[in-house]
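# Topology and contacts: notes
In case you want the letters, here they are:
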Amino acid sequence: MALVSATVLAQPLAQRLAQTLAPATPEPAASSPVRDAALARNWVAVPPLAGRLTASDLGLVINTADPYSVAVGGYYQQRRGIPERNVLRIELPVRSTLSAAEFETFASRVRAHMSAQVQGLALAWTQPFAAECNGITAALGFGFQPELCKQTCAASRPSAYFNNPTQRPFSDLGFRPAMLLAMRDIAAAKALIDRGIASDHSLARPTAAPANAVFVSTNDRARNVRSVLFPPEGPVGASGAQIQLRDVGDTRALQNVFLYQTGLARVEPIDRQQWLPGALADHLTSTGGQLLGDGGQMSVLEWLESGATASYGTVSEPCNHLQKFPHPQVLLGNYLQGATALEAYWRSVAWPAQGVLVGEPLAAPFAR
């Protein structure tokens, strides 16, 4: 599938959302946009955070019909210390997509089991990753939107969690952000979990070598739209983080990367040596969220297989609305403040319905 260009973004959903999504200066056409001296970039406003989700706030769902889910869910519960009361064991079909009826039965079981203490969810499987045209993490966390399947390029319901600093999304907003503990096999999933745990607090103090956030512009016009939202290049305060803006043809080796974003149907080869534990990585394209790669484009699982710890992709044709993909500065601003991967990614997507989040939810390298 080819990502269809949306020539005009929908009207602003709210003043806060519009201000955050608006780039400071439109990007001029150029063969090397990140090196264009005329391009002025400014920071958008990201609210200060007061805390983050922890294991006691996280619900864990295990599919008893899936040996992968049973093994990975058990390992995650033990390694992260998820309370038994927060664990739901349920039987689901092991296939890519749930029907609307199957999803509603599943979602009602989750709602009935999880207490008010549970603010977010980890789903211990790779399949199912969609509920009809919705990403399963979005549908479970934010609500199933069947009307979107009639026209997947249409605007979807805005998220109140976008760029919202609340530490209690279920208590304050009435929904639970969710993430899949998805990989192609059990050993890889356990390694993913271990990377997330190893990342905790690892970048809370400046290190000898800067931790790098890398934003890559490409010549793929439809998929490169997000480059107008990339942050200014250079150091970020006292965080020890360094922002690098690159062109896709830049062949210099990367090191100590904790965040990587670009826009391409495929990214290859992916350098396996670049990642720090807890790294986030995603590429703006149509079907990166079809995790088993049956859409002809690169699955976001390839980021995790290369050594990243969390990613985001869409499961149905979204068009290239900026609101349907992670906002680079909101994602970065949240992660640098110590948010978990789950919180940082969810807060960065204004229209999350078609998205699926994958990775280790509690990874928090900048948490103090």
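Quick summary incoming for the structure in this document.

Thresholds, definitions, all that
Residues numbered from 1 in each chain as written. Predicted model: local features only at pLDDT ≥ 70, side-chain atom pairs only at ≥ 80, totals over all residues. Heavy atoms only, no water. Helix = DSSP H or I, 4+ residues; strand = E, 2+ residues; numbered from the N terminus. Buried < 20%, exposed > 50% of the residue type's maximum accessible area, 1.4 Å probe, protein only. Contact = heavy atoms within 4.5 Å. Areas by Shrake-Rupley, 256 points an atom, 1.4 Å probe, with all protein chains shown as cover. Expected span 1.5 Å × (residues − 1). Polar contact = N/O pair within 3.5 Å; in protein donor to acceptor, adjacent residues only side chain to side chain. Pairing = 2+ DSSP bridges. Disulfide = S-S within 2.5 Å. Salt bridge = Lys/Arg side-chain N within 4 Å of Asp/Glu carboxyl O.

### Comments concerning the overall build of the protein chain
- For the protein chain, the helix and strand inventory stands at nine helices and 14 strands.
- Put simply, the protein chain has 368 residues, and 60% of those count as buried.
- Contacts in the protein chain between residues far apart in sequence, at least 24 positions, make up 76% of those at least 6 positions apart.
- By element, 54% of the accessible surface of the protein chain is carried by carbon and sulfur atoms, the whole surface being about 13500 Å².

### Remarks on helix α6 (residues 186-199)
- If you check α6, its first and last C-alpha atoms are 20 Å apart, about what 14 residues at 1.5 Å a residue would give, namely 20 Å.
- Where α6 is concerned, the buried positions are A189, L192, I193, R195, G196, I197 and S199.
- The secondary structure elements touched by the buried residues of α6 are α2 (67-80), β12 (275-283), α7 (301-306) and β14 (355-359).
- Its side-chain oxygen placed 3.2 Å from the backbone nitrogen of A187, D185 serves as the N-cap of α6.
- Count one or two residues on from α6 and you reach H201, which has phi positive near 65°.

### Overview of the sheet that holds strand β6 (residues 134-135)
- Overall, mixed pairing links the three strands, which are arranged β3-β5-β6 in an open sheet. The open sheet has two edge strands, β3 (97-98) and β6, and neither has a second partner.
- Where strand β5 (residues 130-131) and β6 come together, two bridges link them in antiparallel fashion. Across the sheet, A131 pairs through a bridge with N134, a residue of β6.

### Let's talk about the state of the cysteines
- One pass over the structure, following the stated rule, counts two disulfides.
- For the protein chain, the bonded cysteines pair up as 1-2, 3-4 when numbered in the order they occur along the sequence.

### Examining the environment of A160
- Along the polypeptide, A160 turns up in the loop between α4 (136-142) and α5 (169-173).
- Along the backbone, A160 and G174 are 14 residues apart, and their C-alpha atoms lie at a distance of 9.8 Å.

### Examining the pattern of salt bridges
- Overall, the coordinates contain 14 salt bridges when judged by the stated rule.
- Note that R223 and D220 form a salt bridge whose closest N and O atoms lie 2.9 Å from each other. In terms of burial, R223 and D220 fall into one category: buried.
- Among the ionic pairs, R226 bridges to D282, the shortest N-O distance being 2.8 Å. One end of the pair, R226, is in the loop between β8 (211-217) and β9 (234-236); the other, D282, is in strand β12, and 56 residues separate them in sequence.

Treat this as a map of the structure, not an account of what it does.
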